[in-house]
Amino acid sequence: MTADTPFDVAALAAFLPGYDLAETPSPDGLPFRQIVATGLLECRPLLIFLGHADVPTITGVRVREPGRIPNAWMIGSRMDETLIKPEDCFTAQDVPGREGHVFAREAGQLTAPVYWFDTGLANTGGVLPDPDTLKTSTLYEISWVAWKQG
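Fair warning: this is a prediction, and the values are worked out from it, not measured in the lab.

Calculation criteria
- Residues numbered from 1 in each chain as written.
- Predicted model: local features only at pLDDT ≥ 70, side-chain atom pairs only at ≥ 80, totals over all residues.
- Heavy atoms only, no water.
- Helix = DSSP H or I, 4+ residues; strand = E, 2+ residues; numbered from the N terminus.
- Rg over C-alpha atoms; globule rule 2.2 N^0.38 Å.
- Buried < 20%, exposed > 50% of the residue type's maximum accessible area, 1.4 Å probe, protein only.
- Contact = heavy atoms within 4.5 Å.
- Areas by Shrake-Rupley, 256 points an atom, 1.4 Å probe, with all protein chains shown as cover.
- Salt bridge = Lys/Arg side-chain N within 4 Å of Asp/Glu carboxyl O.
- Polar contact = N/O pair within 3.5 Å; in protein donor to acceptor, adjacent residues only side chain to side chain.
- Phe/Tyr/Trp six-rings, centres within 6.5 Å; stacked < 30°, edge-to-face > 60°.
- Lys NZ or Arg CZ within 6 Å of the ring centre and 35° of its normal.

Trainee: Go over the overall build of the protein, please, and point to the residues and values.
Mentor: Helix and strand content of the protein: two helices and eight strands. Shown N-terminal to C-terminal, the secondary structure of the protein runs as helices and strands in the order α-β-β-β-β-β-β-β-α-β. Over its C-alpha trace the protein gives a radius of gyration of 16 Å, about what one expects of a compact globule, namely 15 Å for 150 residues. In terms of its C-alpha atoms, the protein occupies a principal-axis envelope of roughly 45 × 30 × 30 Å. Here the protein, with 150 residues, has 39% of them falling under the buried criterion. Counting only contacts in the protein whose residues sit at least 6 apart along the sequence, the fraction spanning at least 24 positions is 42%. Accessible surface computed for the protein: about 8,600 Å², of which carbon and sulfur atoms make up 58%.

If you want it as structure tokens, here you go:
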């Protein structure tokens, strides 16, 4: 699967045998689109493929399934179980639905994955929580933008 993979349920299903896929309304509204993949025994979205009305291919992927990405931190890990440092994190204050979350991305690397942590707070107020809250925050998503080469 690459940035050239069509944003299409049938095209994505070919990569994901055993998953149920469906296009659902994006929480970001139009022109954004999303396709969610659920496992046969798991009803919550495990993979979310992002799209845009003006782009025929996937524009991003959100992984919420433990073990889906080899050599990455396990979904469900506490921050202190990873090598991510609190000083490398940013608040998600301006991201609707993620006001109480923090994220980390390798500095200066726009194509690097983004690691999303739930702090357990309803809202961070735009300020990183105290170190104890950060270290017990739970990794719930690894996401990235599907950049076209060239």
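Trainee: Report on the pattern of salt bridges, specifying residues and quantitative values.
Mentor: Considering all chains together, one arrives at seven salt bridges under this definition. Between R33 and E23 there is a salt bridge, with its nearest N and O atoms 3.3 Å apart. In this pair, R33 sits in strand β2 (residues 32-39) while E23 sits in strand β1 (residues 19-25), placing the two residues 10 residues apart along the sequence. One salt bridge in this structure joins E141 and R64, with 2.6 Å as the shortest N-O distance. With a gap of 77 residues between them, E141 in strand β8 (residues 138-145) and R64 in the loop between β4 (55-63) and β5 (89-91) connect regions that are remote in the sequence. Taking relative accessible area as the criterion, E141 reaches 0% and is therefore assigned buried. The exposure class assigned to R64 is partly exposed, which follows from its relative accessible area of 22%. Because the salt bridges share partners, they merge into one network encompassing R62, R64, R98 and E141.

Trainee: Now, about the side chain of T133: what can you tell me, with residues and values included?
Mentor: One can find T133 in helix α2 (residues 131-135). Relative accessible area serves as the criterion here: at 17%, T133 is assigned to the buried category. One polar contact links T133 to D130, side chain to side chain, over a distance of 2.8 Å. Residues in contact with T133, not counting those within four places in the same chain, are T119 and L121.

Trainee: Please give an account of the environment of I48 that cites residues and values.
Mentor: Along the chain, the position of I48 falls in strand β3 (residues 42-52). When near neighbours in sequence (up to four residues on either side) are disregarded, I48 contacts Q34, I35, V36, G60, V61, R62 and R64.

Trainee: I'd like a rundown of unusual backbone geometry, residues and numbers included.
Mentor: Cis geometry is found at the peptide bond from L30 to P31, where omega equals 10°. Structurally, P31 is set in the loop between β1 and β2.

Trainee: How would you summarise the side chain of Q34 if you had to cite specific residues and measurements?
Mentor: Tracing the chain through its elements places Q34 in strand β2. Among the polar contacts listed, one links the side chain of Q34 to the side chain of T24, at a separation of 2.9 Å. Engagement of the side chain of Q34 in a polar contact is seen with the backbone oxygen of P25, the distance being 3.4 Å. Contact partners of Q34, with chain neighbours within four places excluded, come to F7, A22, E23, T24, P25, S26, P27, I48, F49 and L50.

Trainee: Give me the lowdown on the packing of aromatic side chains, citing residues and values where you can.
Mentor: On inspection of all chains with the given rule, the structure shows two aromatic pairs. Taking the centre distance of 5.1 Å and the plane angle of 40° together, the rings of F103 and W116 count as tilted. With F103 in strand β6 (residues 101-105) and W116 in strand β7 (residues 114-118), this pair connects stretches of sequence that are 13 residues apart. Judged by its relative accessible area of 9%, W116 is buried. Through pairs of rings, three or more aromatic residues link up here, namely F90, F103 and W116. It is R98 that lies over the ring of W116; its NZ or CZ is 4.0 Å from the centre.

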